[in-house]
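Here is how the chains run, residue by residue.
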Amino acid sequence: MASPEEKQAQPFAHIFNEDEAEKSFLLSKPTCLVILGKPGSGKKTLARKLAQIWKCIFIEALEVIQTNIQEETEYGLKCQELLFKGQSISEELVTEMILKKIESPEVTHFGYVLSGFPSLSEEYMTVSQQVEKIKNLKLKPDFLINIKCSDYDLCQRISGQRQHPDSGQVYQRNQWDPNIIEKHKKKKDQQEEDNEEEEDEELEEEQTAEDPLKKAEFLHQLVQRPEDFLENAEKRVGMYKDIMLHPLEVLMAEQDCERLIEVDGNQQPDDLLVSVAVRLQSLGVQMGAPITRLQSDQEETLEGLENDELFRVLSSYQLIARRYRWRRSRWGKACPVALKKGDIVMGNPDLAVSFLDKMYILSSPAALKAFMSNPRPYLLPPMPLPPCKVLVFGPPFSGRTTICNLIARKYKGKVLDVAKLIQPHLEKAREENLEQVRRDTIEKAITAVKNRMEEQSTELGMAEITADHPEVQAMVEATRSASVSEVTLPPEIYAEVLERAIAELIKNNKDRFPGAPEKGGWVVDNYPLSVDHWSALSGKGLVPDTVVCLKDTKKTGVCIISRTYSANRDEINPKILKRLTDEALEKKNIEEERREMQEKPVSEEEQSLGAALEKGEKIILPEFTEDDFLDMPEMETVRKKIDLFVNDWKTVESEIKQSSVVQVAGLEIAEQTPESLLNQTVLVMEKPFKYHGWELSAEDLDEEAEDLAAESEDEEVEEEENENEEDEEQIKEKKRHMGDTKHFCPVSLKENFVLHPGLYDHAAKYQEKIYYFSTPEYRDKFLKNPEEYVAHNEPIQAPPLRVCLIGAHGAGKTICARQVADKLGIFHIQFEEYLQELILPKTKEKVGPHFDEEPEEDDNKILMLSQELEDSQAMSKIEKTEKSKQEVTLTPEEEAIKANLMDKDPLPPDVLDKIVLDWWKKEPFRSTGFILDGFPRTSDEAQYLSEQGLCPDVAVYIKVEESDVLDRLFPPRLQKWKERQHKRMENRKKLKDLKAKIRDKKIARRREELLAEQKQKKEEALANKEHYEATEETEDIEAILEGEFIEEEEEEEEEEAEEELEIDAVDRIQNEITEKFYSDMDGLQGVQEELEKWLIPLIEIDGGRKPRIVHYQIYSKLNSLMENRGSIFEKCYPISLPLAQKMLVFSYKFPSSFGQWDPIKLSEGDVMKPPQSYGNEVFPVIHRQYIYFFSSKENRETFMKNPIKYICQPKPKPPVPVKIAIVGPPKSGKTTEL
């Protein structure tokens, strides 16, 4: 398995990310071709046909003139005026129109095929100047196509041309000359026998075309144009050689030889076109990407359809092929042209188009025209991007201004503070109000002073009372100080001020970053929150795209209240202190009155508080928590402002939501940082321009069924050739367009690093690709943020190979697993051996039926008997060791493991958690991989893996028969029994010898005792004068010994009778092996059923064959998984050649960088360019956004198994055309050799 460094050593030949591939195309230069050749060589005919095939703009003098006249452009009106006057159009005007056309938007997108320029006329520019114009074009030509033809052949062809006066159609000699037509017909008749069917079709077409020409009247109508006279043709060819040939030769010499195409002009026009097209195709030249109107053949109303239903209907219009529908773009229903201008406008479904492989909906005919001319500027990054028209509401100290600044910084915009913008208008209105009040006050003051003076004085000639009168001035001053109040402006003034500020901002900040929308880039702060002000904005057309409301409703505004207190601490604290002081004094007075009434002594605390108040000492403020602010009377004003804001927002929000375009983001500010609030705002702003996923619906299933039915009708012949029997579900799965993790759950892969097969019941669609999920919860998690789980610039990294190797006892699992794991460089884990290792430190020996079959009692007896012969110290040591063994206690987990090994009791889940989880989740197993030998053994263990989501990549089942197991296990078991029997016989002999020695030793000791007793008795008898005969005493001693030490022959005979015979052992061992085999098979049957439910692939290997063959089969299966690991999530789709060509024509898919080269052959070192012939069978394949071509089905299948391997190789170098000259004397075979 290659290391990650080796994988990245060679970069991808293509851009892996589909959106980046589309961006690369949008940034690429369109294909531009210039057709060169002598006059009459067929430049215009070739250029027109080539432009049709390559989807380029055909540019030629007459074509440009007609287009301008039809479109009534400025140039067209001038041309029309000259033609009406009977004047010719000047070369200067024609040249300007051609150059203008080359710079037009449609040419910028589609490219051009230029013919007839440079022209022979030097009325406006010399040929050299025209060639310089070509060199200095913004869109320089990529290819120069030179049509070569001899002067004689060319003049003969031109002189043989005839024109029909009414239609203007020009006919070649072979189309109107009866002699040539007859000769051609005879030649066709001679070939009729070789290809009868083809000839019939061609003759029918030829007759239909030639019937009108056979009419004498039609033949007499054809005329020869003056320029087609032989002498005029020769003159034009001569002029070309004198004026134009040398500059063109210099131009072609400067051109890269790989991009200079020279063709034989004597070919038929269709053959000439084919030769050029094949050459361009072999070089991988990108065709122009057409824009297609999505219109139904039937009248169908699209208005009123929901987004999902609308896109589903549009995707089936103008289909490329079944299963290859148009995909949804990130613009959704928004018009790309309007968005580029800075307006989010929903498109009109009747103006929907397809471009590349996606759908776009335009909002107006003008937008449709602009998009169809050149969609690139509207789709290039950073689009789609919100224009950044944001209005932020929030109560004071909610962080409104901070959020405004962050949003403006994110989108390179500016904050428009309405409070600052409206301030001059407020000042002006305030001054006007004051002036009005002053005038009214002066009038009233003058009147009042006059009335008072009239009452006080009746003298004639009273002085006139003016504004300068002291009393009037005093009254005016008093009124002015009392009239200072808040000025309220109408909502329309706010809207007008904001409108002017936005207009100025757009003018000065339109290029705030490359590719920015023309409008937008503003964030409004401190705009009044009311329905009237919102209506004023709507009336001015200043409705923002996003309205952000900062709220604090979790704890009734405690966050804002706390911020307000922190900001106004110096003002609020004195008020709190005053309140606390007043409360303390009041409490003191109450307590004093109460004590006086009750004559209760004053406590020390109250005395100190009273003393402090009397001395005027400050009361220390306590530390406040957030909850304390809610009940403070000093914060009542803030709470009222918050309640007022909440009520106003509810009213305005209902008005805002009437507009379907405006996105509303209600953000809770509690426990949030400004950056997190910004991220939430950005998510809301950019959500309309993200790819959206959805659960797989019934409509999706219906579409798939329709596609499958249509494809099955088209592929009946191919299915007959393929004899592979596949059911309907397998066919569906093979053709289904899967996502970046194929059939595996992307969430399990991302979060657990496990290849968990997903279920079709829990499927979803994202970017028109299907993703499977292991649980509905994981599907919902994916749909919330799909970008987190899909591939971007490289394939998703796959976890290492994890294999479960199962089979009956005796199938040879361990031997094969160990060898294969060593070769693959992964771990080998033998489950039961691992369990033994866990308890071995305490048990000191392996446990289980195979290790405790027959305890060796004879060994113990021999040991005990031998100890009798030795000293008693060794015996005490044995007793101590046995006692220490008995003292060892096992934990509950170890007891469960021992019970499993001894009696096959199931392991509890908590024990399995401590054992199995580490192999999937901890290093070094997690990053290296393993072969797990002998697990799972039962359906319960398989179910445990399923519940924990511990999925192996594959399960290998070594399948054996009972006879195979008997052949393998019985001989060693029987041999072991024989060895044990032999050992037992030896032990018995040793035991018999030991017993004999012990008996002799005991007899000797007893004899000594008896002799000692006898001697003592004799001595006593002599003392008592009693005489016994010695012989009789001796006989008595031997008799006593014979009675005490009886021979153990009977015990030996009983043991020999109980000894198992070989024939009985054979039956017993065979029965044990058979019982174990069927027990294992029952467990494995449940494991297989559980794995099948779990969709884990099961590889069955015939374990009855030789071990090396079994080992090779397992290794070959697993090694392919290792070699193709980099492409485990990649899926390729074979298609037909016509479909591949159609996709390339419509740019639904892109041609690969390998062009017509076979990537498999290229990787094998075959660098020869494939033959450029349509007769060669080619097998195309789609991988991601590219189409690859293969020379055989085998190569195609090889590529489909591991596409990443073959696209990570150098691109083929462009072919250099080989030019060979074959010379020799006449009749030497030059032509044959050629």
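Conventions adopted
Residues numbered from 1 in each chain as written. Predicted model: local features only at pLDDT ≥ 70, side-chain atom pairs only at ≥ 80, totals over all residues. Heavy atoms only, no water. Helix = DSSP H or I, 4+ residues; strand = E, 2+ residues; numbered from the N terminus. Buried < 20%, exposed > 50% of the residue type's maximum accessible area, 1.4 Å probe, protein only. Contact = heavy atoms within 4.5 Å. Areas by Shrake-Rupley, 256 points an atom, 1.4 Å probe, with all protein chains shown as cover. Arc of directions from axis to C-beta. Disulfide = S-S within 2.5 Å. Core = buried A, V, L, I, M, F, W, Y, C linked by side-chain atoms within 4.5 Å. pLDDT = per-residue confidence, 0-100. 1 Å grid on protein atoms, 1.4 Å probe; cavity = no way out; pocket = protein on both sides within 12 Å on 5 of 7 lines; lining within 4 Å. Points joined across faces, edges and corners; volume = space filled by probe spheres on them. Nonpolar A, V, L, I, M, F, W, Y, C, P; charged D, E, K, R; others polar. Axes fitted to C-alpha atoms, helices over the stretch in contact; angles between N-to-C directions. Parallel < 35°, antiparallel > 145°, perpendicular 65-115°, else oblique. Left-handed = near helix turned anticlockwise from the far one by under 90°. Pairing = 2+ DSSP bridges. Polar contact = N/O pair within 3.5 Å; in protein donor to acceptor, adjacent residues only side chain to side chain. Salt bridge = Lys/Arg side-chain N within 4 Å of Asp/Glu carboxyl O. Patch = residues over 30% accessible without salt bridge, like charges linked within 9 Å, V, L, I, M, F, W, Y side chains within 5 Å. Lys, Arg positive; Asp, Glu negative; His and termini not counted. Charge placed at Lys NZ, Arg CZ, Asp CG, Glu CD.

Asks: Break down the overall build of the protein for me, with residues and values.
Replies: On a plain count of helices and strands, the protein comes out with 52 helices and 28 strands. Within the protein, buried positions represent 42% of all 1234 residues. Considering only residue pairs separated by 6 or more positions, the protein has 76% of its internal contacts joining residues 24 or more positions apart. Taken as a whole, the protein presents about 69,800 Å² of accessible surface, with 50% of it coming from carbon and sulfur.

Asks: I'd like a rundown of helix H42 (residues 939-948), residues and numbers included.
Replies: Restricting attention to buried positions, one finds in H42 the residues Glu941, Ala942, Tyr944 and Leu945. Buried residues of H42 fall within an arc of 155 degrees about the axis and therefore sit on the same side. Of the surrounding elements, those touching the buried residues of H42 are helix H40 (909-921) and helix H46 (1062-1093). Where H42 ends, the next residue or the one after it, Gly949, has phi of about 70 degrees, a positive value.

Asks: Before we move on, could you go through the side chain of Arg736 and cite the residues and values that matter?
Replies: Counting through the fold element by element, Arg736 comes out in the loop between helix H32 (728-735) and helix H33 (746-752). According to the relative accessible area criterion, Arg736 is buried, its value standing at 2%. Beyond its immediate stretch of four places on either side in the chain, Arg736 contacts Arg323, Glu704, Tyr760, Ile770, Tyr772, Lys1131 and Tyr1133.

Asks: So what's going on with the state of the cysteines? Which residues, and what values?
Replies: What the rule picks out here adds up to 0 disulfides. In this structure Cys155 is not part of a disulfide, and its nearest cysteine sulfur, from Cys149, lies 8.9 Å away. For Cys155, a relative accessible area of 6% corresponds to the buried category.

Asks: Break down the nonpolar core for me, citing the residues and quoting the values.
Replies: Within the largest apolar cluster, 110 residues are counted, with the highest numbers of intra-cluster contacts made by Ile59, Tyr112, Phe355, Leu362, Phe371, Ile407 and Phe1199. Ranked by the residues each element gives to this core, the list is headed by helix H6 (residues 91-102), at 6 residues. With residues near it in sequence (within four places) discarded, Phe371 still touches Ile291, Pro336, Val337, Val353, Phe355, Tyr360, Leu362, Tyr378 and Leu379. Judged by nonpolar contacts, the second largest core, of 34 residues, contains Phe831, Ile915, Ala942 and Leu945.

Asks: Got a sec to walk through the confidence of the model for the protein? Specific residues and values, please.
Replies: When the pLDDT values of the protein are averaged, the result is 82; 83% of them are 70 or greater. Note on residues 872-878: pLDDT is under 50 here. Beyond four places in sequence and across chains, it has 4 contacts.

Asks: Can you explain unusual backbone geometry? Please cite residues and give values.
Replies: Most peptide bonds adopt trans geometry, and most residues besides glycine take a negative phi value. A cis amide bond links Pro381 to the next residue, Pro382, at an omega of 15 degrees. If you trace the backbone, Pro382 turns up in the loop between helix H19 (376-379) and strand S12 (389-393). Residue Pro924 follows Glu923 across a cis peptide bond; omega there is 0 degrees. With respect to the helices, strands and loops of the structure, Pro924 is situated in the loop between H40 and helix H41 (925-928). Non-glycine residue Asn526 carries a positive phi angle of around 65 degrees.

Asks: I'd like a rundown of empty space enclosed by the protein, residues and numbers included.
Replies: In total, this model carries 5 cavities of 30 Å³ or more according to the counting rule given. Within this model, the largest cavity holds a volume of roughly 640 Å³. In terms of lining residues, the largest cavity is bounded by 39 residues, among which Arg323, His737, Gln767, Glu768 and Lys769 are the most central. Of all the secondary-structure elements, those providing two or more residues to the lining of the largest cavity are helix H16 (307-315), strand S9 (327-328), helix H30 (698-714), strand S18 (759-766), strand S19 (769-773) and strand S27 (1179-1183). Sorting elements by how many residues they give to the lining of the largest cavity places H30 first, with 5 residues. Considering only residue class, the lining of the largest cavity consists of 13 nonpolar, 5 polar and 21 charged. Size it by volume and the second largest cavity reaches roughly 50 Å³.

Asks: An account of the packing of helix H25 (residues 558-567) against helix H28 (residues 636-656) is requested, with residue identities and associated values reported.
Replies: Direction vectors running N to C along H25 and H28 enclose 135 degrees, while the axes themselves pass 10 Å from each other. Judged on the interaxial angle alone, H28 and H25 are oblique. Crossing geometry of H25 relative to H28 is assigned as right-handed. Mapping the contact onto sequence places Ile560, Ile561 and Thr564 in H25 and Val638, Arg639 and Ile642 in H28.

Asks: I'd like to hear about the environment of Ile897, residue by residue, with values.
Replies: Note that Ile897 resides in helix H39 (residues 892-903). Classification of Ile897 by relative accessible area gives buried; the value is 4%. Measuring from C-alpha to C-alpha, the distance between Ile897 and Leu907 comes to 6.8 Å, with 10 residues separating the pair along the chain. Setting aside residues up to four positions removed in sequence, Ile897 forms contacts with Leu835, Leu838, Ile839, Leu907, Val911 and Ile915.

Asks: How would you sum up the pairing of strand S10 (residues 352-355)? Please name residues and give values.
Replies: Put simply, side chains in a regular strand alternate between the two faces of the sheet. On S10, burial covers both faces: Ala352 and Ser354 on one face and Val353 and Phe355 on the other are all buried. Of the pairings in the sheet, the one linking strand S8 (residues 291-293) to S10 comprises 3 bridges and is antiparallel in character. Within S10, the residue paired with Arg293 across the bridge is Val353. Sheet analysis places S10 next to strand S11 (residues 358-361), joined by 4 bridges and oriented antiparallel. Note that in S11 the partner of Ala352 across the bridge is Ile361.

Asks: Lay out the environment of Asp153 in plain terms, naming residues and giving numbers.
Replies: Along the chain, Asp153 turns up in helix H9 (residues 151-159). Judged by its relative accessible area of 30%, Asp153 falls in the partly exposed class. Residues Asp153 and Ser41, 112 residues apart in the sequence, show an inter-C-alpha distance of 9.7 Å. A distance of 2.9 Å separates the side chain of Asp153 from the side chain of Ser150, its partner in a polar contact.

Asks: Now, about the pattern of salt bridges: what can you tell me, with residues and values included?
Replies: All chains considered together, the criterion is met by 50 salt bridges. Of the charged contacts in the structure, one is a salt bridge between Asp525 and Arg400, with a shortest N-O distance of 2.6 Å. Residue Asp525 is found in strand S14 (residues 522-525), and its partner Arg400 is found in helix H20 (residues 400-410); the two are separated by 125 residues along the sequence. Side by side, Asp525 and Arg400 carry an identical accessibility label, which is buried.

Asks: Summarise the sheet that holds strand S21 (residues 827-830); cite the residues concerned and give the values.
Replies: Strands sit in the order S21-S22-S20-S23-S24 across an open sheet of 5 strands; the sheet is parallel. Because the sheet does not close on itself, it has two edges, and the strands there are S21 and strand S24 (1098-1102). Adjacent strand axes in the sheet meet at a mean angle of 20 degrees when their direction is disregarded. In this structure, S21 lies alongside strand S22 (residues 930-933), joined through 4 bridges in parallel fashion. Considered in S22, the bridge of Ile829 is made with Leu932.

Asks: Before we move on, could you go through a negative patch on the surface and cite the residues and values that matter?
Replies: Where like charges cluster on the molecular surface, the negative patch consists of Glu306, Glu309, Glu699, Asp702 and Glu706. Tallying contributions element by element places H30 first for the negative patch, with 3 residues. Mapped onto the elements of the fold, Glu309 is located in helix H16. In this structure Glu309 comes out as partly exposed when scored by relative accessible area, which is 43%.

Asks: Before we move on, can you summarise the pairing of strand S28 (residues 1186-1190) with the specific residues and values?
Replies: S28 sits mainly inside the fold: 5 of its 5 residues count as buried. Going residue by residue along S28, you find Tyr1186, Tyr1188 and Phe1190 tucked away on one face and Ile1187 and Phe1189 tucked away on the opposite face as well. Examined bridge by bridge, strand S26 (residues 1150-1151) and S28 share 2 bridges and lie parallel to one another. Within S28, the residue paired with Pro1151 across the bridge is Ile1187. In this structure, S27 lies alongside S28, joined through 5 bridges in antiparallel fashion. Residue pairing across strands places Phe1179 opposite Phe1190, the latter belonging to S28.

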